[in-house]
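Residue strings, one per chain:
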Amino acid sequence: MLLQLLTISVVISTGIAEYKNYDGFKILEVNFQNPRVKKYVQEIDKNLGFMPDFLGENWKQKQAHYFIDKDSVEKVRSNLAMNNITYQMRDVNPQLFKVRRKRRDLNGVVTINDVNNRYLSYDEQMQFLNTLSQQYPDDVKLQKLGNSYEGRALTAVRIGDDGSNKPIVWIDAGVHAREWISYNVALYLVYTIVTQPVYRDLLNSVQLIVVPNTNPDGYEYSRTNDRMWRKTRSRFSNSRCGGADANRNYPFFWGTQGVSHHQCSEIYCGSRPQSEPEVLALTNAIQREETRIKGYIALHSYGQEILYPWGHTMHTYPSDVKDLIRVGKAMAKAIKAVNNTDYNVVNSGDGLYPAAGASDDWAKSRGIKYSYTIELSPVDDYTGFVLPEERINQVCREAFQAIQVLMIEVKTMF
Ligand code: ARG
Ligand code: ZN
């Protein structure tokens, strides 16, 4: 308690909290082309005796990336050597994780320029949406779905909601706090579809619901304390670790594969399905109109992949998987047309690891036909979650095209 008070007073007096230090951390990169290595990677938690923080994979080079803390580097090296696995241990530029976001004063209006050029605070995101809903009151309606653990509003943006019975495409962003690009993509999507007259027709036949920030507590924490924070910010009594992986907390095959039941794990699935208020709010909201929702995308980073169900286990597909692949490929093609960027369309369980309790699987289980997770850029460099701000706009423009493809696909689904 005393410690907490002290921390708070430091924050107040200097305006700057101690940012988590990643000196000495390394990125482990394993090429898993070889089946023997792939098997090692798929069982890396058993092999190492702990689950390293999986960052993402590079499907182009068939590499898996993990974040290794400085005290585990030697242990990991010797285990890899013992198993005859070739690998790279890359130094992390600790500066990447120390960038302190300038807090802009909220008197300045947040514009699309900001969305295109920098990562915004949660308050700025909300301010941007509020302004937009005031400018376009008929097209942009903000709906509060509930509160996060720390009491921040979880807001859905309803676009083209004219009370008629149109099919809905539902877009979620940022359930994983450190995947910052996803928030900008969602805001860019909202802005572009409302302000560009060419999308009027589309909005007459499809409704879009966007939840631009599904984990505001985690996101703010990643901005102010720990750039690599992934989970929610729930606190548990008698535990030194907090937060659950909200994308392991959905009520479908909850707690089975690719999860951890340990509170300190990055993939802690929570104490029970929907234990996280964020997940409860989202599942309730989706269920209220699930018969009309025909498309669902959870925006994540990184890896440039369009993932389709099922993802809770391997080699298991829904009966309409052909349709999911067809539309997935159409989305990838639309992305490529923007700037020749390649996205890979792949089953979410067949890659490196299945993961149960994720939102895409749950949405599919509720009958939402076209349900995907999109892992946004990058894929082929090591900035990973720390995508430079100069690259925000292109990723937004690419993802926008993919989402438009999905909207066109579902518009006749009634
Ligand atoms: N990177 C995402 C995660 O780990 C991928 C989730 C894909 N979906 C799935 N059901 N496995 O949460
Ligand atoms: Zn993610």
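What counts and what doesn't
- Residues numbered from 1 in each chain as written.
- Chains lettered and ligands numbered in written order.
- Predicted model: local features only at pLDDT ≥ 70, side-chain atom pairs only at ≥ 80, totals over all residues.
- Helix = DSSP H or I, 4+ residues; strand = E, 2+ residues; numbered from the N terminus.
- Rg over C-alpha atoms; globule rule 2.2 N^0.38 Å.
- Buried ≥ 20, exposed ≤ 12 C-beta atoms within 10 Å, placed from the backbone.
- Contact = placed C-beta atoms within 7 Å.
- Near = placed C-beta within 6 Å.
- Nonpolar A, V, L, I, M, F, W, Y, C, P; charged D, E, K, R; others polar.
- UniProt positions renumbered as here; feature names shortened; annotations may be inferred.
- Pairing = 2+ DSSP bridges.
- Axes fitted to C-alpha atoms, helices over the stretch in contact; angles between N-to-C directions.
- Parallel < 35°, antiparallel > 145°, perpendicular 65-115°, else oblique.
- pLDDT = per-residue confidence, 0-100.

> Explain the overall build of the protein chain here, please?
Of the regular secondary structure elements, the protein chain holds 13 helices and twelve strands. Computed over C-alpha atoms, the radius of gyration of the protein chain comes to 21 Å, within 12% of the 22 Å expected from 2.2 N^0.38 for 414 residues, which places it in the range of a compact globule. For the protein chain, the spread of C-alpha atoms along the three principal axes comes to 60 × 55 × 40 Å. Counting every position in the protein chain, which comprises 414 residues, the buried fraction comes to 48%. Contacts in the protein chain between residues far apart in sequence, at least 24 positions, make up 74% of those at least 6 positions apart.

> Help me understand the site of ligand 1, please; the structure alone is not making it clear to me.
Around ligand 1 there are 13 residues in total, and N247, G311, S348, A355 and A358 lie nearest to it. Partitioning the shell around ligand 1 into residue classes produces four nonpolar, seven polar and two charged.

> Would you mind going over the UniProt feature "active site" (unreviewed entry) in the protein chain with me for this structure?
Feature annotation in UniProt assigns "active site" (unreviewed entry) to the following positions: E375. Here E375 lies in strand β12 (residues 370–376). For E375, a count of 25 C-beta atoms within 10 Å translates into the label buried. Among all residues touching E375, those that are not within four sequence positions of it are G56, H300, S301, Y302, G303, Q304, E305 and L307.

> Quick question: what am I supposed to make of the sheet that holds strand β3 (residues 63–68) here?
Two strands in a sheet stick together by hydrogen bonds in their backbones, pointing the same way (parallel) or opposite ways (antiparallel). Spatial strand order, β2-β3-β1-β4: four strands in an open sheet with antiparallel pairing. Edge positions in the sheet fall to β2 (53–58) and β4 (87–91), since each of these pairs with one other strand and no more. Going from strand to strand, the sheet's axes swing by 25° on average, the running direction of each strand aside. Inspection of the sheet shows strand β1 (residues 26–31) paired to β3 by six bridges, in the antiparallel sense. Within β3, the position partnered with L28 by the bridge is Y66.

> What is the right way to look at the packing of helix α6 (residues 122–135) against helix α7 (residues 181–195) in this model?
In helix packing, the relevant descriptors are the interaxial angle and the interaxial distance, both defined with respect to the helix axes. Between α6 and α7, the least distance of the axes is 11 Å, while the angle of their chain directions is 10°. One element, α6, and the other, α7, form an angle in the roughly parallel class. Every residue of α7 that contacts α6 at Q125, F128 and L132 is listed here: Y183, L187, V190, Y191 and V194. A per-class count over the contact of α6 with α7 returns seven nonpolar, one polar and no charged.

> Looking at this structure, how should I read the sheet that holds β12?
One open sheet holds the eight strands; their spatial order is β5-β6-β8-β7-β9-β12-β10-β11, and the pairing between them is mixed. With partners counted over all chains shown, the strands left at the sheet margins are β5 (140–147) and β11 (344–347), one partner each. The sheet shows a mean angle of 20° between the axes of neighbouring strands, direction not considered. Pairing of strand β9 (residues 293–301) with β12, which is carried by seven bridges, proceeds in the parallel orientation. Counterpart to L299 in the pairing with β12 is I374. Against the sheet, α6 engages β5 and β6 (153–159), with an angle of about 140° to β5.

> Looking at this model, I keep getting lost on the pairing of β3. Mind explaining?
On a regular strand, each side chain points to the face opposite its neighbour's, so the side chains alternate between the two faces of the sheet. In terms of burial, β3 is a largely internal element, five of the six residues being buried. Note that β2 and β3 share five bridges and pair antiparallel. Residue pairing across strands places G56 opposite H65, the latter belonging to β3. The hairpin formed by β2 and β3 contains four residues between the paired strands, and K62 there has a positive phi angle of roughly 50°.

> For this particular structure, what's the right way to read the confidence of the model for the protein chain?
In the predicted model, the protein chain carries a mean pLDDT of 93, and 93% of its residues have values of at least 70. Below pLDDT 50 for its whole length, residues 1–15 participates in two contacts with residues either more than four positions away or in separate chains.

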